[in-house]
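Here's the letter readout for the chains.
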Amino acid sequence: MSSLQSSALARVKPSATIAVTAQARKLKAEGRDVIGLGAGEPDFDTPENIKQAAIDAINRGETKYTDADGMPELKAAIVAKFKRENALDYTAANVHVAPGGKPVIFNALVATLNPGDEVIVPAPYWVSYPDMVLLAGGEPVTVVGEEKDGFKLLPDVLEAAITPRTKWLILNSPSNPTGAAYTRAELEALAEVLRRHAHVWVLTDDMYEHLVYGDFEYTTIAQVAPDLIDRTLTVNGVSKAYAMTGWRIGYAGGPKPLIDLMRKVASQTTSNPSSISQWAAVEALNGPQDFIPERKAAFEKRRDLVVSMLNQAAGITCATPEGAFYVYPSIAGLIGKTTEAGVAIDGDSTFAAELLNAEGVAVVQGEAFGLSPYFRISYATSDAVLEEACTRIQRFTASLR
C-alpha cells in the first residue's frame, strides 16, 4: 500500500518551537508547574488603537475578499514604512502581503525553486527555513556562524558556500534564535561577495527590526547595498514590534517580477490575508509608534536579567545579543555530567528534556536551530517569570554531577 504522506512532506520535520510550546501547555493542563520559554511571542497586548481599527473595519463591513496579496491601503502603508524607516523606494507593485511572515517566505521559495536549487541557510537558523526550502523542492545548504564570530555569517564562509546552483541566501537580522544583528559594515562585506555572484538572490528576514538594543543602528541589506535591490526580497511583518502574532500579517518588498510570481502562488493557496487583520495592520504602520521604544526598553532589561542569571549557572555561558528577544546559551560545560536520576547529559536535546522533567522549564534545544550544544530561551515574558525560570535553571545545573 502506498504511503498517504507525499514524498515532499516526508522531507520535513514538524516545527520544534511549536512542539515545545505544545508540550508545555500539555504539562500545565495536567497540573504541572511549568514555565514555557519556547514561544517567540511578545507578552504585551496589541495596542488599543490597532484593536479599535479592526473593530471599526468590522463595523464598516470590511469583511469581503481583498486582492490576493494585500489590499491597496495596506500596500500604501507598507510603501511608506519602507521609505520612512529603511530608505527603500518601492511602489505597491513591489509589495506582497500574506497571512504571516512564514507564508511570505514560503511563497517566495515555492515560486522560484526547482529541484537541485540550493539555498544558503546560516546556522543557527530559525527552525522553519531549511524545511520550507525542502518542501519547496530545493536543497538547504547550512553554513555555520560560530559563537566567536557573534553567530554571524562571515564573507569568506559565504563565498565558499556559493555554487552555480545557489538560488537564495537567507539572512535574518536580528536573529531568531541568537538575537545576533548585522552591523552596516558586516552587511556591506556580505554584499561585496554577492556582487561577484549575480545569480544569487537575497531573502532578508527583518521581523525583529525594531528590537535592537543599546546604540546598535539597524540597517537592512538593500538599504546598505542599493545595487542589490533588484535581487533582494525584504521580509517583515507586524507580529513582533506590534504584538500582533495572532493577527497573521507579514509583508515583503521586492522586484516586481518576483512579487508577481509570489502573487500567483497566493492566488491558488491562501487567497487573501484576513481583511480585518489588514485594516489593523494599516493602523499599526500608520498610527502612533511611541509604544515601541517603551516596550523595547522592557525587553532590553529582560535580556540583561537573563544573560546575567544564566552566566551564574554552573556550566552555562551566555553571550549578550544585539536584538530580538532570545538568548542562545552554551551548555558545553555540562556535556558528560549526570542528573540526580542518573541520566547523562550527552547533548542539548537531553539537557532540554531533563530540565523540563526536573524543574518544569521548557526551552528549545539547539539541535533544532542547527548548532549544538546550545539552547534557546525566549525572554518575551515578565521579569518575575524569567527570574524564577533562571533560578530553576541554576538549581538544575548545580545538581548535575
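Residues numbered from 1 in each chain as written. Predicted model: local features only at pLDDT ≥ 70, side-chain atom pairs only at ≥ 80, totals over all residues. Heavy atoms only, no water.

> Looking at this structure, how should I read the packing of helix H12 (residues 291-310) against helix H14 (residues 383-399)?
Angle between the axes and distance between the axes are the two parameters that describe a pair of packed helices. Viewed as axis vectors pointing N to C, H12 and H14 meet at an angle of 15°, and their least axial separation amounts to 9 Å. The pairing of H12 with H14 is recorded here as roughly parallel in orientation. For the pair H12 and H14, the crossing hand works out as right-handed. Along the contact surface, H12 presents Lys301, Arg302, Leu305, Val306, Met309 and Leu310, while H14 presents Asp383, Leu386, Glu387, Cys390, Thr391, Ile393 and Gln394. The class makeup of the residues in the contact of H12 with H14 is 7 nonpolar, 2 polar and 4 charged. (Axes fitted to C-alpha atoms, helices over the stretch in contact; angles between N-to-C directions. Helix = DSSP H or I, 4+ residues; strand = E, 2+ residues; numbered from the N terminus. Parallel < 35°, antiparallel > 145°, perpendicular 65-115°, else oblique. Left-handed = near helix turned anticlockwise from the far one by under 90°. Contact = heavy atoms within 4.5 Å. Nonpolar A, V, L, I, M, F, W, Y, C, P; charged D, E, K, R; others polar.)

> Please explain the packing of aromatic side chains as it appears in this structure.
By convention here, two paired aromatic rings are described through the distance between centres and the angle between planes. Applying the stated criterion to the full structure yields 16 aromatic pairs. Put simply, the rings of Phe44, Tyr208, Phe299, Phe325 and Tyr326 pair up and form one aromatic cluster. When the ring centre of Trp279 is taken as origin, the NZ or CZ atom of Arg60, which lies over that ring, is 4.8 Å away. (Phe/Tyr/Trp six-rings, centres within 6.5 Å; stacked < 30°, edge-to-face > 60°. Lys NZ or Arg CZ within 6 Å of the ring centre and 35° of its normal.)

> What is the right way to read helix H3 (residues 48-59) from this model?
Turn by turn, an α-helix covers 3.6 residues, leaving residues three or four places apart pointing in a common direction. Taking 1.5 Å of rise per residue, the 12 residues of H3 would be expected to cover 16 Å, and the 16 Å separating its terminal C-alpha atoms lies within 8% of that figure. What H3 keeps buried is the set Ile50, Ala53, Ala54 and Ala57. Looking straight down H3, one finds that the buried residues subtend no more than 95° of arc, so they occupy a single side. H3 presents Glu48 and Asn59 as exposed residues on the side facing more than 90 degrees away from its buried surface. Check the buried side of H3 and you find it contacts helix H11 (275-286). Just beyond H3, the residue with positive phi is Gly61, at close to 80°. (Expected span 1.5 Å × (residues − 1). Buried < 20%, exposed > 50% of the residue type's maximum accessible area, 1.4 Å probe, protein only. Arc of directions from axis to C-beta.)

> Just checking my understanding: could you explain the nonpolar core for this structure?
Nonpolar side chains in soluble globular proteins tend to end up buried together. In this structure, Ile105, Leu109, Tyr129, Trp168, Leu203 and Leu233 are the most contacted members of the largest nonpolar core, which totals 40 residues. Elements represented by at least two residues in this core include exactly helix H2 (16-29), helix H5 (101-112), strand E3 (118-123), helix H6 (128-135), strand E5 (166-172), strand E7 (232-237) and helix H10 (256-267). Setting aside residues no more than four positions away along its own chain, Tyr129 makes contact with Ile105, Val121, Ile170, Asn172 and Asp205. Counting residues in each nonpolar core, the second largest holds 36 residues, with Met207, Ala324, Leu355 and Leu386 among its members. (Core = buried A, V, L, I, M, F, W, Y, C linked by side-chain atoms within 4.5 Å.)

> In this structure, what is going on with the pairing of strand E6 (residues 201-205)? I would like to understand it.
A regular strand carries its side chains on alternate faces of the sheet. Counting buried residues along E6, 4 of its 5 residues qualify, which places the element largely inside the surrounding structure. Judged from the 5 bridges that link them, E5 and E6 form a sheet pairing that is parallel. Bridged to Ile170 within E6 is Leu203. (Pairing = 2+ DSSP bridges.)

> Before we go on, may I ask you to explain the side chain of His197 in this structure?
Tracing the backbone shows His197 in the loop between helix H8 (184-195) and E6. Under the relative-accessibility criterion, His197 is labelled buried at 16%. Those residues within four positions of His197 in sequence are excluded, and the remaining contacts are Glu159, Ile162 and Arg231.

> Hey, could you run me through H11 in this one?
Relative to the 16 Å expected for 12 residues at 1.5 Å per residue, H11 spans 17 Å between its end C-alpha atoms, a close match to the ideal helical length. The element H11 is extensively covered by neighbouring structure, given that 10 of its 12 residues are classed as buried. Every buried residue of H11 is accounted for by Ser275, Ile276, Ser277, Gln278, Trp279, Ala280, Ala281, Val282, Ala284 and Leu285. Two or three places before Ile276, at the start of H11, stands the capping residue Ser274, its side-chain oxygen 3.3 Å from that residue's backbone nitrogen. (Polar contact = N/O pair within 3.5 Å; in protein donor to acceptor, adjacent residues only side chain to side chain.)

> How should the pattern of salt bridges be read in this particular structure?
Two side chains with opposite charge may pair up if their charged atoms get near one another. According to the stated counting rule, one finds 32 salt bridges in the structure shown. Residue Arg196 is joined to Glu159 by a salt bridge in which the shortest nitrogen-to-oxygen separation is 2.7 Å. Here Glu159 lies in helix H7 (residues 155-161) and Arg196 lies in the loop between H8 and E6, a separation of 37 residues in the sequence. Judged by its relative accessible area of 27%, Glu159 is partly exposed. The shortest N-O distance in the salt bridge between Asp260 and Lys256 comes to 2.8 Å. Of this pair, Asp260 and Lys256 both sit in helix H10, 4 residues apart, which is roughly one turn of the helix. Residues joined in a network through salt bridges with shared partners are Asp69, Lys75, Lys256, Asp260 and Arg263. (Salt bridge = Lys/Arg side-chain N within 4 Å of Asp/Glu carboxyl O.)

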